Amino acid sequence: MSDSPGAITPLHSVSVAGVVVREDGRVLAIRRADNGAWEPPGGVLELAESVEDGVRREVYEETGIEVGVEQLTGVYKNLRRGVVALVFRCRPEGGVERLSDESVEVGWLTVGEVSERMAEVYAVRVLDALRAEAAPRVRSHDGRQLL
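## Comments concerning the overall build of the protein
Item 1. When helices and strands are counted, the protein shows three helices and eight strands.
Item 2. Start at the N end of the protein and walk to the C end: the helices and strands fall as β-β-β-β-α-β-β-β-α-α-β.
Item 3. Its C-alpha radius of gyration of 16 Å places the protein within 12% of the 15 Å reference for a compact globule of 147 residues.
Item 4. Along the longest, intermediate and shortest principal axes, the C-alpha atoms of the protein span 55 × 30 × 30 Å.
Item 5. In the protein, buried positions account for 42% of the 147 residues.
Item 6. In the protein, the proportion of contacts linking residues at least 24 apart, taken out of those at least 6 apart, comes to 64%.
Item 7. With an accessible surface of roughly 8,100 Å², the protein has 50% of that area assigned to carbon and sulfur atoms.
Item 8. Mean positive and mean negative side-chain charge positions of the protein (18 and 25 charges, respectively) differ by 5 Å.

## As for the sheet that holds strand β2 (residues 27-32)
Item 1. Read across the sheet, three strands follow the order β3-β2-β7 without closing on themselves; strand pairing throughout is antiparallel. Because the sheet does not close on itself, it has two edges, and the strands there are β3 (38-39) and β7 (103-109).
Item 2. Relative to β3, β2 is paired through two bridges, and the arrangement is antiparallel. By the bridge assignment, Ile-30 is partnered in β3 with Glu-39.
Item 3. Strands β2 and β7 of the sheet are contacted by helix α1 (residues 51-63), whose axis makes an angle of about 60° with β2.

## Comments concerning α1
Item 1. Its 13 residues place the ends of α1 18 Å apart at the C-alpha level, agreeing with the 18 Å of an ideal helix rising 1.5 Å per residue.
Item 2. Of the positions making up α1, those classed as buried are Gly-54, Val-55, Arg-57, Glu-58, Val-59, Glu-62 and Thr-63.
Item 3. Where α1 is buried, its residues touch β1 (13-20), β2, β4 (42-44), β5 (65-78), β6 (83-95) and β7.

## Examining the pairing of β5
Item 1. Bridge analysis of β5 against β6 gives 12 bridges, and the strand direction is antiparallel. The residue of β6 that forms the bridge with Leu-72 is Phe-88.
Item 2. Here β5 folds back onto β6 in antiparallel fashion, the turn holding four residues, of which Gly-82 has a positive phi close to 75°.
Item 3. Pairing geometry for β5 and strand β8 (residues 137-141), over five bridges, is parallel. Residue pairing across strands places Val-75 opposite Val-138, the latter belonging to β8.

The rules we used
Residues numbered from 1 in each chain as written. Predicted model: local features only at pLDDT ≥ 70, side-chain atom pairs only at ≥ 80, totals over all residues. Heavy atoms only, no water. Helix = DSSP H or I, 4+ residues; strand = E, 2+ residues; numbered from the N terminus. Rg over C-alpha atoms; globule rule 2.2 N^0.38 Å. Buried < 20%, exposed > 50% of the residue type's maximum accessible area, 1.4 Å probe, protein only. Contact = heavy atoms within 4.5 Å. Areas by Shrake-Rupley, 256 points an atom, 1.4 Å probe, with all protein chains shown as cover. Lys, Arg positive; Asp, Glu negative; His and termini not counted. Charge placed at Lys NZ, Arg CZ, Asp CG, Glu CD. Pairing = 2+ DSSP bridges. Axes fitted to C-alpha atoms, helices over the stretch in contact; angles between N-to-C directions. Expected span 1.5 Å × (residues − 1).

Dropping the structure here:
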């Protein structure tokens, strides 16, 4: 970053996602309306919103499931788009699965289904979150593949 006058400071956006795990080990996922891809529910953190509130809001808006936020499991940066994603392991606390403007399908996937249906950059977030005893992972990607 340059300290010269007129230098432009790069902008980043921060997103949050919840890897919601049921007692049977299945993970909540959505199939996105805009591109048909399977992902854990999440989205852009609002400016005056706490990180945990953002996770709860995004999961509820996209799936109808209310969650308790347990722990940060990973930080992921899309180097191409400048998006930093904070991913949290969550537990379901209520609600009923429903679709939204952003989701055309909501489901509880097995670990095998996560690996089959999700792109690598999203599947790794879920797999990292399932290793609950491990420290949060920090990874970079280009929107498709881990770097």
